[in-house]
Amino acid sequence: MTASNYLLHAEELARTFQAVSAHLNPGGYFIFDMNTIYGLAVYWQRFPYNLNQDTEDYLALMGTAYDYELDTAEVRFIMFEREGARWRASMKSTANAAIIWTTFC
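What counts as what
Residues numbered from 1 in each chain as written. Predicted model: local features only at pLDDT ≥ 70, side-chain atom pairs only at ≥ 80, totals over all residues. Heavy atoms only, no water. Salt bridge = Lys/Arg side-chain N within 4 Å of Asp/Glu carboxyl O. Buried < 20%, exposed > 50% of the residue type's maximum accessible area, 1.4 Å probe, protein only.

(A) Structural view of the pattern of salt bridges. By the definition in use, this model includes 4 salt bridges. Among the ionic pairs, Glu74 bridges to Arg76, the shortest N-O distance being 2.7 Å. Owing to a relative accessible area of 25%, Glu74 belongs among the partly exposed residues under this scheme. Arg88 is paired through a salt bridge with Glu81; the nearest N and O atoms lie 3.0 Å apart. Take Glu81: its relative accessible area is 21%, and that puts it in the partly exposed class.

Here you go:
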């Protein structure tokens, strides 16, 4: 599985689409999500942190940042697990990506 938002080069994106095309059934759909400059530069700046609690024992904090001059994005995840009356950070992860802006013909 390829995370389309974390490909660093246009060639990687092209290879991803070629591989999908080779495996997709005729008439099938390929559904994916990709960030836009607006989403990174505006929306991420308005809401740089997001807190989700899927169950009463686990929650996740996501922090986002976009550097317009370097055209890079960063997502930081911290997962918390309840241990009695306390919460413990059970996993930390950071993903960085260069943003690819290209046109495919």
